[in-house]
Amino acid sequence: MKAYDIIIVGAGPGGSMAAKIAAEEGLKTIFFERGRKPGEKNSSGCGLGPRMWQTFPDLMKYLTPEKCPSMRAGSASRNYFVNEEGRVVGYIMAHPTESVSYEPAKSWITMNCYRSEFDPWIAEFATKEGAELKTSRLIIDLLKEEGKICGVVDERGEKYKAPIVIGADGAISLVAKKSGLRTKWAQDQITIVPQYDFHAPSSKIDDIMGDEALAVWWSAIFPASYQVFFHDGFHQGLGNWLNKWDKNPLFFLNRVVNLKYYQRLLKNLDAKPRELQSHLLPWLKYPYNTHTDGVILIGDAGGFPCPLEAEGIYPAMVTGKVAAEVAAEAITSEDVSKNALSKFDEQWKKTSIGEEFEAGEELYNIWKALPFSPKETMSWFIPMFMDLLGGIFDWSQPHAKRVRQIASHVKSYMPQALPFIMKYVFPLVAKIFENDLDKMMDPQKLMTMLPKIMDLLPKKKKQRRDQA
Ligand SMILES: Cc1cc2nc3c(=O)[nH]c(=O)nc-3n(C[C@H](O)[C@H](O)[C@H](O)COP(=O)(O)OP(=O)(O)OC[C@H]3O[C@@H](n4cnc5c(N)ncnc54)[C@H](O)[C@@H]3O)c2cc1C
């Protein structure tokens, strides 16, 4: 039996980051990957958020098109709005705004690349630090001595021993199950995400999409669908919790690609379907049961994807780093008990991931009630939103009359919109501004402001100018 200081199951972004840090900490480290190479078994593409460059600058500066030819950065994201008849009734294009505080977030919204390139790239940093990577190795069980976890067993029956095992084995984590940390995700904790991978010539993508790298299709007839552009192709996918699908998820994905507007886009881009994939992705209000004696769960295995839109690579890397640091300390102090490893929770809560989950429940709820509820909410939200936007340019009536017309029509949505705002928007706003509420709601301050506001209101109806 081979002995190590730390065993990591999975060589996705989380596992490789954990292996890199563990090796840097001087631990004898091994990490296992069931695929023939890291990334082989993962969803083929991904968008990387700028926070990765902010948190891991010394690493991310080495991600170049030479290493990762599929890379494509984009400063624009497009939001399409599709109504109940399947028409694209509007879209909004967004660039990083002036309030964005750091580079490269000021320059681009997302950096997209294929996992088949990204995952091996990040794993190499771990092996360069001295971690041993075993590919084509499925871990099938955990080793136990006197009821305590002390290693893993692979499909060939080979045993590997270590005081700490990190579960970085993704959505269907064997480590989570075998350690007793979790049996199964509840149906509203896990999404299934089918996606098409299209090939398109890079010259066409550049000509037609320009600086766009990402689009979201908000819709009344399918859950929000994302489109991510790479150097020579793009992905179109959508997800929802398992208990929300009333038809095969592919039925809804096909609704996207069969939109007339979408078919025109495919034609213009000269795009051809290359692959259909389907993957599971945990989506939680808050991660729980992340550790026990000798075991820590990170990334998808621990339920760390973002509670709003399930960005998962950055959380996997952050939790991988924190887990390896906590493991190194526990091994040095020869205490790998659940109590000692609870430092993992303490530490990740102090990171940007902890901050994200502070409003986890409210973010999760609003996503569930809006883009994941096409029939119930998006069916009235989209026409209401379009009516509001309709005022920007419309000369069907004198402009003042047009504004009154819009206001009166928007009022008709209030029976649906007001309860929605009360139930989902207010709690989110209250949570986000929790620490500022005292200042904002200071009654004395409000009293001094009130007369100023009253002054702004017209005292009596003014005479029309032609009657003056
Ligand atoms: C369709 C889709 C699109 C997504 N798009 C994005 C995106 O654009 N941006 C983003 O940030 N996130 C995205 N995500 C989420 C992201 O993919 C995950 O959150 C992220 O990969 C989690 O990293 P991880 O290292 O925890 O797990 P994974 O990346 O799942 O890695 C786990 C690894 O463990 C291996 N493994 C599993 N079990 C075993 C075993 N028993 N023995 C040995 N090896 C094992 C697997 O082969 C895999 O390589 C997307 C998810 C899906 C499904």
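Quick caveat, the model's predicted, so the values are computed rather than measured.

Draft legend 1. Summary view of the nonpolar core. Ranked by size, the top nonpolar core spans 54 residues in total, and within it L48, M60, F118 and M317 carry the most contacts. For M60, the contacting residues outside a window of four places in its chain are L48, M52, W53, F118, W121 and M317. Core analysis: the next-biggest nonpolar cluster, separate from the first, contains 31 residues, V193, A369, F372 and M384 among them.

Draft legend 2. Quick peek at the packing of aromatic side chains. With the rule as written, the count across this model stands at 37 aromatic pairs. An angle of 35 degrees between the planes, with centres 5.6 Å apart, marks the rings of W245 and F252 as tilted. Considered together, W245 and F252 belong to a single accessibility category, that of buried residues. Taken together, Y80, Y91, Y196, F198, W217, F229, F234, Y261 and Y262 form an aromatic cluster joined through their ring pairs. Against the face of Y4 rests K28, its NZ or CZ located 4.8 Å from the ring centre. When the ring centre of Y91 is taken as reference, the NZ or CZ atom of R78 above it lies at 4.2 Å.

Draft legend 3. Fine view of the domain arrangement of the protein chain. Its domain assignment divides the protein chain into domain 1 (2–71 + 113–182 + 288–359) and domain 2 (363–460). One C-alpha centre belongs to domain 1, the other to domain 2; they are set 43 Å apart. Counting residues at the interface gives 6 residues for domain 1 and 6 residues for domain 2. Across the domain 1-domain 2 interface, the total number found is 0 salt bridges. At the boundary of domain 1 and domain 2, one finds 1 residue pair in polar contact (both at pLDDT 80 or more). Here the side of domain 1 that touches domain 2 is composed, by residue class, of 3 nonpolar, no polar and 3 charged.

Draft legend 4. Seen up close, the side chain of E311. One can find E311 in the loop between β21 (295–297) and α9 (313–332). A polar contact is formed between the side chain of E311 and the side chain of R51, at a distance of 3.0 Å. Among all residues touching E311, those that are not within four sequence positions of it are G49, R51, P305 and C306.

Quick notes on the rules
Throughout this description, residue numbers start from 1 for each chain and increase along the sequence as written. At least 70 in pLDDT is required for a residue's local features to be given in this predicted model, at least 80 for side-chain atom pairs to be given and counted, and no such filter applies to totals for whole chains, interfaces and linings, which use all residues. Side-chain numbers here rest on the full set of heavy atoms in the structure, without hydrogens or water. In plain words, nonpolar cores are sets of buried Ala, Val, Leu, Ile, Met, Phe, Trp, Tyr and Cys residues tied together by side-chain atoms within 4.5 Å. Exposure classes here rest on a 1.4 Å probe applied to the protein chains alone. A residue is buried below 20% of its type maximum, exposed above 50%, and partly exposed in between. Two residues qualify as a contact provided that any one of their heavy atoms is within 4.5 Å of a heavy atom in the partner residue. Each Phe, Tyr or Trp ring, with Trp reduced to its six-membered ring, pairs with another whose centre is within 6.5 Å; inter-plane angles below 30 degrees give stacked pairs, above 60 give edge-to-face pairs, and intermediate values give tilted ones. Placement of a charge over a ring requires the Lys NZ or Arg CZ to be within 6 Å of the ring centre, with the centre-to-atom vector within 35 degrees of the ring normal. As annotated, the domain borders come from an automatic or database domain assignment. The salt bridge definition used is simple: a Lys or Arg side-chain nitrogen within 4 Å of an Asp or Glu carboxyl oxygen. The term polar contact refers here to a pair of N or O atoms within 3.5 Å; inside protein, the definition further demands a hydrogen-donor-capable atom paired with an acceptor-capable atom, and it admits residues adjacent in sequence only when both atoms are side-chain atoms. Residues were grouped as follows: Ala, Val, Leu, Ile, Met, Phe, Trp, Tyr, Cys and Pro as nonpolar; Asp, Glu, Lys and Arg as charged; and all remaining residues, including Gly, as polar. A run of DSSP states H or I qualifies as a helix once it reaches four residues; a run of E qualifies as a strand once it reaches two. Both are numbered from the N-terminal end.

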